[in-house]
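Structural features, examined
For reference, the chains in residue letters:
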Amino acid sequence: MLARHVAAHLHQVFAELIRRVINAEDGIKAGDDRALRTRFAAEGLTLPSVRGDTFVDEAARKCRVIPPPEDVRANAVVVDVWIARFGHALHRPENPIKRITELVQRSSGLAVVAIGDRRLRVRANAETPLDAKVARDFGAEGIGLCRTEHMFLAPDRLPVVRRMILASTPAEEAAALDELRKVQTEDFAALLRAMSGLPVTVRLLDPPLHEFLPSVDELEIKKATVGLTAEESKLMDAAHSWAEVNPMLGTRGVRLGVIKPGLYAMQVRALLAAADIVASEGFSPIVEVMIPLTVTKEELALARSWVEQEILDHSKQLKPAAKSGAKTSIKKSIKKSKRPKVTIGTMIETPRAALVAGELAEISDFFSFGTNDLTQMTFGFSRDDVESRMMPAYLEAGLLKRNPFETIDQVGVGELVKIAAARGRKAKRGIKLGVCGEHGGDPESIGLFYRAGLDYVSCSPYRIPIARLAAAQAIIGGSKAETK
Ligand code: PEP
Ligand code: MG
C-alpha cells in the first residue's frame, strides 16, 4: 500500500520530468534522437517500480548514505533525494521529501534514511554550455567527458581544422593551431562557467583526422563530374593520405598527439587560459585533462609530460619571477603555482590498457573507462558496423543475450573493468575511477560499475535522472564495492 503511494508520487514526478525532456527540443542534439528520448520515457515510466519502503531523513540536512539494515533491504524503495527535490520544484507548494517521510512514518514507523551523498556519483557527457546547463539542472555532479572533436566540427571551426591538416609548413600549421586555440579557449570557458565548482573532464582530440575531411568518394564523384577547385584537390590529396583501412585501430587518440604534438599542446593551452578567465570572473574551474586511448605506460608518460610542460609554461607566463631554479622539477613548479587545480588522467579503452592498469595508474590521477571502445576492442565488433545487420541476427539467434554496446557484458568487458579498477587502486589507492561510455547511463551496467568500486558514471544529460536512480539503487542494494 505504502509502496503504491510512493510509486504513484514518483510516477507523477517522472512523468513531468519526461514531459519536460521531450519538450526540450532546444537541448536535443543530433545524437540524442527520437529513439533515445522514447527509450528514456519508457524507462522513466517504469522507474518507480523500485522496492518496498522509503528511507528519507529530513532532519539530517547533510545527507549521508545509510544503507538500511539487511532485513529491510529486500523490501526497500530507493528514493533519490535529488529526484524528490526536483519533484518539489515542479509541484510546489508540496514538499515531496516531507510527504514521503510522513507516509513512511505513518504507515510503517520505519527509520527514514536519505540517499543523497551517494558513493557513486553521476556526471554528464557534454560539450556545449546548453548541454552542461541541462545536465546540471538534472543534477549532474560534473562533466565526465567533453569530446573536444565536437567543438572542432562546428561550421566555423572545420575550415580552420582543415587548414591545420593541410598545412605544408610548420609556420602554416602553427598559425592554424593558434586560430583554433582562440576558439577553443572560448568554448572551454563557457563550459567551465556552466560547471563552476564541479569537475570538468576534457578529452584531448580522439578521432582519426580524416573525420574532419570530406569523403574521398564524394570528391572522386565530383572530380569525375563537375571537376574540383584547387582547394578541393588539396583536400582530396589530404583525405587520401589520411585514409586508413581500420581507422578506429589507426592514428587516433594519443597516437594523434604523437604524430601532431602541437595539437594537444594547443588544447591544453586553451584549457588553462579558459580556466584563468573564468577564475578571474569569480567562478571555480576544476579541470581534468584526459588522454584518450593510451595503451602503454610510455605513451601516457609522454602525453602527461606535454600537459605538465604546458602547465609549467602557463604558470611561468603568469608569474615570471616565481621560479627560476634550473633544478626545480616540473611537478614541484606546478605545485607552487596558484593556478586552478588541474589533474591528468587517461581513458581505459582497450583490453591491454585494462590489464596494465597498475602501470598506467602510476602516472595517472584518474581513469575513465571508455566502455564503447572497450566493448568494441574486447569483442572485436566494429561498433560502426555490427549494430545494423549482425547484432539483430545475433540477438534473434540467442548468440548474445543483450547488445553489449547498450548493457555491459558482465563476464567479459565487465571483468576487464573490475580487473583494471582493482589493479589501478592497488598501484594508487586514491586514483579516481569513472566510466564515460554509453553504459554509464544504463541501470544494469551501473550496478556492475558500483560493485567494481568506481567513483562515478558519466552519461548523456537526458539519462542523468535514470543513472541517478540506478546509482542509488546500487547503493541501497548493498552491493559491496570490491576495490575500495
Ligand atoms: C568510449 O569509447 O567509451 C568513449 C566514451 O569514447 P568514444 O565513444 O568517443 O569513442
Ligand atoms: Mg572511445
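Residues numbered from 1 in each chain as written. Chains lettered and ligands numbered in written order. Predicted model: local features only at pLDDT ≥ 70, side-chain atom pairs only at ≥ 80, totals over all residues. Heavy atoms only, no water.

**A short note on the environment of Lys182**
Note the cut-off: Secondary structure elements are defined from DSSP: runs of H or I of at least 4 residues count as helices, runs of E of at least 2 residues count as strands, and each element is numbered from the N terminus.
Among the structural elements, Lys182 can be located in helix H9 (residues 170-194). Sequence separation between Lys182 and Ala274 is 92 residues, and the spatial gap between their C-alpha atoms is 9.7 Å.

**Notes on the sheet that holds strand S2 (residues 143-147)**
Definition in use: Being paired, for any two strands, means DSSP has found at least two bridges between them. To obtain each axis, a line is fitted to C-alpha atoms, and for helices this fit is confined to the stretch in contact; angles are then taken between N-to-C directions over 0 to 180 degrees. Here a residue-residue contact requires only that any non-hydrogen atoms of the pair lie within 4.5 Å.
Strand order in the closed barrel formed by eight strands is S1-S2-S3-S4-S5-S6-S7-S8, and the pairing between neighbours is parallel. Taking each pair of neighbouring strands and ignoring which way they run, the sheet shows an average axis angle of 25°. Two elements, strand S4 (residues 286-291) and strand S5 (residues 342-348), share five bridges in a ladder whose sense is parallel. The residue of S5 that forms the bridge with Val287 is Val342. Relative to S4, helix H13 (residues 261-280) is tilted by about 170°, and along the sheet it contacts strand S3 (199-203), S4 and S5. Against the sheet, helix H20 (residues 413-427) touches strand S6 (366-369) and strand S7 (432-435), its axis set at about 180° to S6.

**Re a negative patch on the surface**
For clarity, the threshold we go by: Exposure above 30% relative accessible area and the lack of any salt bridge qualify a residue for a patch; like charges then connect within 9 Å, and the nonpolar side chains Val, Leu, Ile, Met, Phe, Trp and Tyr within 5 Å. Note on areas: Shrake-Rupley with a 1.4 Å probe; residue coverage comes only from the protein chains shown. We count a salt bridge whenever a side-chain nitrogen from Lys or Arg sits within 4 Å of a carboxyl oxygen from Asp or Glu. Charge assignment in this entry is limited to Lys and Arg as positive and Asp and Glu as negative, and neither His nor the chain termini are counted. Where a charge lies is defined by one atom per residue type, namely NZ (Lys), CZ (Arg), CG (Asp) and CD (Glu).
A cluster of acidic side chains, namely Glu211, Asp384, Asp385, Glu387 and Glu406, defines a negative patch on the protein surface. Its location among the elements puts Glu387 in the loop between helix H18 (371-379) and helix H19 (390-396).

**Some details on the packing of aromatic side chains**
Where we set the bar: Stacked, edge-to-face and tilted labels apply to pairs of Phe, Tyr and Trp rings (six-membered ring for Trp) whose centres lie within 6.5 Å, assigned for plane angles under 30 degrees, over 60, and everything in between, in that order. Here the term buried applies to any residue with accessible area under 20% of the maximum for its type, exposed to any over 50%, and partly exposed to those in between, with areas from a 1.4 Å probe on protein chains only.
Counted according to the given criterion, the structure contains five aromatic pairs. Look at Phe152 and Phe212: their rings are 5.9 Å apart centre to centre, the planes differ by 50°, and that puts the pair in the tilted class. Here Phe152, found in helix H7 (residues 148-152), pairs with Phe212, found in the loop between S3 and helix H10 (216-224); they are 60 residues apart in sequence, far enough to count as distant. Comparing Phe152 with Phe212, the two get one shared label, buried. Ring centres of Phe381 and Tyr394 lie 6.5 Å apart, and the angle between their planes is 85°; this geometry places the pair in the edge-to-face category. In this pair, Phe381 is assigned in the loop between H18 and H19 and Tyr394 in helix H19, connecting sequence segments 13 residues apart. Look at Tyr394 and you get partly exposed, because its relative accessible area is 30%. A network of ring pairs unites the aromatic residues Phe379, Phe381 and Tyr394 as a single cluster.

**Some remarks on the coordination of the magnesium ion (ligand 2)**
Ideal geometry at a metal gives 109.5 degrees between four tetrahedral donors and either 90 or 180 degrees between six octahedral ones. Heads up, the condition is: Atoms are scored as donors when they are N, O or S and lie within 2.8 Å of the metal, with 3.2 Å used for Na, K and Ca; no water is included, so coordination may look incomplete.
Every protein donor of the magnesium ion (ligand 2) is listed here as Glu349 (OE) and Asp373 (OD), and their distances to the metal cover 2.0 to 2.1 Å. Of the two residues, Glu349 sits in the loop between S5 and helix H16 (351-355) while Asp373 sits in helix H18, which places them 24 residues apart along the sequence.

**Here's the deal with the pairing of strand S8 (residues 456-459)**
Where a strand is regular, its side chains alternate between the two sheet faces. The test is simple: Seen with its strands pointing away from the viewer, a crossover is right-handed when the path leading from the first strand over the helix to the second is clockwise.
Covered by surrounding structure in S8 are Tyr456 and Ser458 together with Val457 and Cys459, the residues of both alternating faces. With four bridges connecting them, strand S1 (residues 121-125) and S8 associate as parallel partners. When the bridges of S8 are listed, Arg121 appears paired with Tyr456. As paired elements, S7 and S8 share two bridges and run parallel to each other. Paired with Val435 across the strands is Val457, a residue of S8. This β-α-β element, S7 to helix H21 (residues 443-451) to S8, shows right-handed connectivity.

**Here we look at the pattern of salt bridges**
Applying the stated criterion to the full structure yields 23 salt bridges. In this structure, Glu362 engages Lys297 in a salt bridge whose closest nitrogen and oxygen atoms are separated by 2.8 Å. Here Lys297 lies in helix H14 (residues 297-318) and Glu362 lies in the loop between helix H17 (357-361) and S6, a separation of 65 residues in the sequence. Given a relative accessible area of 48%, Glu362 falls into the partly exposed group. Asp455 serves as the salt-bridge partner of Arg425, at 2.9 Å between the closest nitrogen and oxygen. With Arg425 in helix H20 and Asp455 in the loop between H21 and S8, this residue pair connects regions lying 30 residues apart in the sequence. Salt bridges sharing partners connect three or more residues here, namely Glu149, Arg203, Asp206, Arg252, Asp373 and Arg383.

**Details of H14**
Note the cut-off: Expected helix span is given by 1.5 Å per residue-to-residue step, counting one fewer step than there are residues.
Taking 1.5 Å per residue as the helical rise, H14 with its 22 residues ought to reach 32 Å, and the 31 Å between its terminal C-alpha atoms agrees with that figure. When we look at burial in H14, the residues that qualify are Glu299, Leu300, Ala303, Arg304, Trp306, Val307, Glu308, Glu310, Ile311, Leu312, His314 and Ser315.

**Thoughts on the nonpolar core**
The test is simple: Here, nonpolar core refers to any group of buried Ala, Val, Leu, Ile, Met, Phe, Trp, Tyr and Cys residues whose side-chain atoms link them within 4.5 Å.
Core analysis: the largest hydrophobic core is formed by 96 residues, its most contacted members being Leu263 and Leu454. With 10 residues, H13 is the largest single contributor of residues to this core.

**So, a nonpolar patch on the surface**
Where nonpolar side chains cluster on the molecular surface, the patch consists of Val258, Ile259 and Leu302 and spans about 250 Å² of accessible area. Within the element layout of this structure, Ile259 appears in helix H12 (residues 254-259). The class for Ile259 is exposed, based on a relative accessible area of 51%.

**So, unusual backbone geometry**
Located in the positive-phi region is Leu293, a residue other than glycine, with phi close to 60°. Relative to the elements of secondary structure, Leu293 occurs in the loop between S4 and H14. Overall, Leu293 belongs to the buried group, its relative accessible area being 0%.

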